[in-house]
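# Structural characterization, general
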Amino acid sequence: MEPTADVYDRLRQDSRSCSTQLRNLGGRAAFSGTVTTVKVFEDNVLVKQVLAEEGTGRVLVVDGAASLEVALLGDHMAELAAANGWEGIVVNGAVRDVVALGGVDVGVKALGSNPRKSTKTGTGQRDVPVTFGGVTFRPGDELHSDADGILLAGA
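So, here's what we can say about the structure. (Residues numbered from 1 in each chain as written. Predicted model: local features only at pLDDT ≥ 70, side-chain atom pairs only at ≥ 80, totals over all residues. Heavy atoms only, no water.)

This next bit is on the overall build of the chain. Per the secondary structure count, the chain includes four helices and eleven strands. The C-alpha radius of gyration computed for the chain amounts to 14 Å, which stays within 12% of the reference 15 Å derived for 155 residues, consistent with globular compactness. Summarising its shape, the C-alpha atoms of the chain cover approximately 40 × 30 × 25 Å along the three principal directions. Across the 155 residues in the chain, those meeting the buried criterion constitute 48%. (Helix = DSSP H or I, 4+ residues; strand = E, 2+ residues; numbered from the N terminus. Rg over C-alpha atoms; globule rule 2.2 N^0.38 Å. Buried < 20%, exposed > 50% of the residue type's maximum accessible area, 1.4 Å probe, protein only.)

Shown next, in the form of structure tokens:
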């Protein structure tokens, strides 16, 4: 995978970088793919539904409104994502099972962790633009992530 710094140097004005300092918690230190989005608040039912789909070449961006009160992703959901071919998951919120996440072959970036489970009401939105870290993530954008951060290209 091409480093994000090199992607930026190549694209410049046609790229956007996320300023939120997310922790790299998954088994892949670098990942890239086409963005799919969900917008939820302390509820992960929609996240799990999306990760149950074929994910080859895709990255799920979860806007959890930066809440660290509950986890929106854990090891079982990360394993589901890996089994379905997802490249990575970016969570503007918390995850859990951090040690186990590091052993799953999928990229995971999140604000932090909390062992508390989320609610299960199924509320949220899918495939809508979500904004955090000074950028808007749109379904269909190309996302590149590595140790330097997250870079978006497209729409």
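Further notes follow.
Let's shift gears to the packing of aromatic side chains. Considering all chains together, one arrives at one aromatic pair under this definition. Taking 4.6 Å as the distance between ring centres and 25 degrees as the angle between the ring planes, the aromatic pair formed by Phe132 and Phe137 counts as stacked. With respect to burial, Phe132 and Phe137 carry one shared label: buried. (Phe/Tyr/Trp six-rings, centres within 6.5 Å; stacked < 30°, edge-to-face > 60°.)

Positionally, Ser67 belongs in the loop between strand E4 (58-63) and helix H3 (75-83). A distance of 3.2 Å separates the side chain of Ser67 from the backbone nitrogen of Glu69, its partner in a polar contact. Leaving out residues up to four positions away in the same chain, Ser67 has contacts with Phe41, Glu42, Asn92, Gly93 and Ala94. (Polar contact = N/O pair within 3.5 Å; in protein donor to acceptor, adjacent residues only side chain to side chain. Contact = heavy atoms within 4.5 Å.)

For Gly102, the location among the structural elements is in the loop between helix H4 (98-101) and strand E6 (107-113). When the C-alpha atoms of Gly102 and Ala29 are compared, they prove to be 9.5 Å apart, with 73 residues separating the residues in sequence. In contact with Gly102, not counting residues within four places along its chain, are Leu25, Gly26 and Gly27.

The subject of this paragraph is unusual backbone geometry. Even without being glycine, Arg12 reaches a positive phi, approximately 45 degrees. Turning to its location among the elements, Arg12 is positioned in the loop between helix H1 (4-11) and strand E1 (15-18). The residue Ala65 is not glycine, and still its phi comes out positive at about 60 degrees. With respect to the secondary-structure elements, Ala65 resides in the loop between E4 and H3. Its relative accessible area of 49% is what places Ala65 among the partly exposed residues.

Once that is clear, we can look at the layout of surface pockets. Within this model, the largest pocket holds a volume of roughly 260 Å³. Ranked by the residues each element gives to the lining of the largest pocket, the list is headed by H3, at four residues. (1 Å grid on protein atoms, 1.4 Å probe; cavity = no way out; pocket = protein on both sides within 12 Å on 5 of 7 lines; lining within 4 Å. Points joined across faces, edges and corners; volume = space filled by probe spheres on them.)

Attention now moves to the pattern of salt bridges. Counted under the stated rule, the structure contains nine salt bridges. Here Arg28 ties to Asp105 by a salt bridge, and the two come within 2.9 Å at their closest N and O atoms. Note that Arg28 is positioned in the loop between strand E2 (23-24) and strand E3 (31-39) and Asp105 in the loop between H4 and E6, a separation of 77 residues in sequence. Residue classification places Arg28 among the partly exposed positions, given a relative accessible area of 21%. Via salt bridges that share partners, Glu53, Arg58, Arg126 and Asp127 belong to a single interconnected network. (Salt bridge = Lys/Arg side-chain N within 4 Å of Asp/Glu carboxyl O.)

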